[in-house]
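# Overview (structure and organization)
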Amino acid sequence: MGVWYMPPFELVQPRDLDGALRHLADWAADTKILAGGTDLLPSMRQRLFEPRYLLAVGRLSELRGIAWEGDWVRIGAAETLNAVAAHPQLVSAFPALTEAAAAVAAYNIRNMGTLGGNVCLDTRCHWYNQSYFWRKGIGFCLKKDGTVCHVAPGGRQCWAAYSGDTAAALMALEAQLRLVAPTGERLVPIRAFFLNDGQRRFVLRPDEVLTEVRIPRWMAGYQGRYFKYRIRQAVDYPLVGVAVLVRTSGPRVLDVRVGLTAVNPMPRYFDVPSEWLEEPPDVWVERVVEAVARLARPLKTSLLVGPAYRQHLVRVFVRRGLRSLLALSAAA
Ligand SMILES: Cc1cc2nc3c(=O)[nH]c(=O)nc-3n(C[C@H](O)[C@H](O)[C@H](O)COP(=O)(O)OP(=O)(O)OC[C@H]3O[C@@H](n4cnc5c(N)ncnc54)[C@H](O)[C@@H]3O)c2cc1C
Ligand code: SF4
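Residues numbered from 1 in each chain as written. Chains lettered and ligands numbered in written order. Predicted model: local features only at pLDDT ≥ 70, side-chain atom pairs only at ≥ 80, totals over all residues. Heavy atoms only, no water.

## Examining the sheet that holds strand β11 (residues 252–261)
The criterion, for reference: Paired strands, as defined in this entry, are two strands with at least two bridges between them according to DSSP. Strands here mean DSSP runs of E at least two residues long; helices mean DSSP runs of H or I at least four residues long; both are numbered from the N terminus. Helix axes use the C-alpha atoms of the stretch in contact, all axes being lines fitted to C-alpha atoms, and the angles between their N-to-C directions lie in the range 0 to 180 degrees. Whether two residues touch is decided by their heavy atoms; if any such pair falls within 4.5 Å, the residues are in contact.
As summarised here, the arrangement of the four strands in space is β9-β10-β11-β12, forming an open sheet in which the pairing is antiparallel. Among the strands making up the open sheet, the edge pair consists of β9 (223–229) and β12 (268–271). Neighbour-to-neighbour, the strand axes of this sheet turn through a mean angle of 15 degrees, independent of strand direction. In terms of strand pairing, β9 meets strand β10 (residues 240–249) through seven bridges, oriented antiparallel. Counted as the bridge partner of F227 is V242 from β10. Of the strands in this sheet, β9 and β10 are in contact with helix α5 (residues 95–102), which crosses β9 at around 25 degrees.

Here it is in structure tokens:
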């Protein structure tokens, strides 16, 4: 059998969310949820997943739409990344999020790829994102089919890096996720969604569908930027991603938040203590740079660039983001 052949599966196309939940009630353990398929389908060809069923949710109306509802801005999980990146109200309210969405992969992939799929992205590692035969050649690894971690041999944990772009901004924005299962639904703060374990990844259960991402309306008062390092600017996953948010009132800086992705098994965030902001900007900016750098723990999950350089770039991006936003607000 060839290396890149898709394993057999049955495509389930429910008409509505209830239909999807009925399927999950019986078959959750044998099912993978399919949105745009831009990450899942290549991974299936690498035999990283061989589900019996693919449950297509991309066209369900319950997972679509972008709307201001009371204190929240609701973004349907099946909205494409291009729809998010180009939405005029989102661009002006949450620029760090729309910049991150626009930085994912390439235009054609963003036309298929969804926000929900981006949040629920699998973690990535050089020793894992390979064909079945490549992985077999090294005896597989702990995350899939093997017993050893090639990044941290001797350990029992997977350190594959969470590499979704939008999560850095969504962590800083204190987004919430609506997870719906056959037995009921729950709202989970995105800050409590991820696990620092490249294998388990997050608290989403196999019978749950992410239906929407909600952002507090009051976060619309923040200026924001997203900075990303990747090898090929035209398409690659992030090796470092930093979202920076700043809220000002005249010359006063009221609040600063930073989100971080692609350097740990989970995205991280740092809310700057308000008393730090009483210090001169040059002083507190460097304190924030060091505090965020301490959160970043890149390991040798990529052979394209070393952990030390990725750590260095975290500092560069945080400093660049804060300085550019402070200059922007001073000029306003
Ligand atoms: C060449 C290439 C480059 C890429 N570059 C980047 C990049 O730079 N940055 C980046 O972040 N990503 C990148 N990606 C990955 C991917 O394109 C995006 O992350 C995209 O947003 C994934 O969304 P999707 O709808 O295609 O997800 P899918 O592939 O359909 O699903 C991804 C995962 O999420 C789960 N899932 C999807 N929707 C739901 C839901 N509603 N509820 C529960 N679970 C769900 C699926 O079961 C699966 O495990 C790249 C992919 C390719 C092929
Ligand atoms: S970090 Fe280790 S266990 Fe995880 S995917 Fe990489 S080699 Fe495998």
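## Observations concerning the site of ligand 2
Definition in use: Working definition: residue near molecule or strand if any one of its non-hydrogen atoms lies within 4 Å of it. The residue classification treats Ala, Val, Leu, Ile, Met, Phe, Trp, Tyr, Cys and Pro as nonpolar and Asp, Glu, Lys and Arg as charged. All others, Gly included, are polar.
In the region of ligand 2, the neighbouring residues are C125, W127, Y128, C141, L142, K143, C149, H150, V151, C158, W159 and A160. In the shell around ligand 2, the residues fall into ten nonpolar, one polar and one charged.

## Things to note about the environment of Y226
Stated precisely, the cut-off is as follows: Each residue is placed in one exposure class: buried if its accessible area under a 1.4 Å probe, protein chains only, is under 20% of its type's maximum, exposed if it is over 50%, and partly exposed if it falls in between. Definition of a polar contact: a pair of N or O atoms within 3.5 Å, with one able to donate and the other able to accept a hydrogen when the atoms are protein atoms, and with sequence-neighbouring residues admitted only if both atoms are side-chain atoms.
Counting through the fold element by element, Y226 comes out in strand β9. You can call Y226 buried: its relative accessible area is 7%. Spatially, the C-alpha atoms of Y226 and L245 are 9.0 Å apart, while their sequence positions differ by 19 residues. A distance of 2.5 Å separates a polar atom in the side chain of Y226 from a polar atom in the side chain of D165.

## Details of the pattern of salt bridges
This is how the line gets drawn: Basic side-chain nitrogens of Lys or Arg form a salt bridge, by our definition, when they fall within 4 Å of a carboxyl oxygen of Asp or Glu.
Under the definition given, this model contains 21 salt bridges. Two residues, R201 and D122, come together in a salt bridge whose shortest N-O distance is 3.5 Å. Residue R201 is located in the loop between β7 (184–189) and β8 (209–216), and its partner D122 is located in the loop between α7 (115–119) and α8 (132–137); the two are separated by 79 residues in the primary sequence. The residues R201 and D122 share a single accessibility class, namely buried. Where R186 meets E208, a salt bridge forms, and the shortest distance between an N and an O atom there is 2.7 Å. Of this pair, R186 sits in strand β7 while E208 sits in the loop between β7 and β8; the two residues are 22 residues apart in sequence, bridging distant segments of the chain. Each of the salt bridges in this network shares a partner with another, and the network as a whole consists of R74, R178, E185 and E212.

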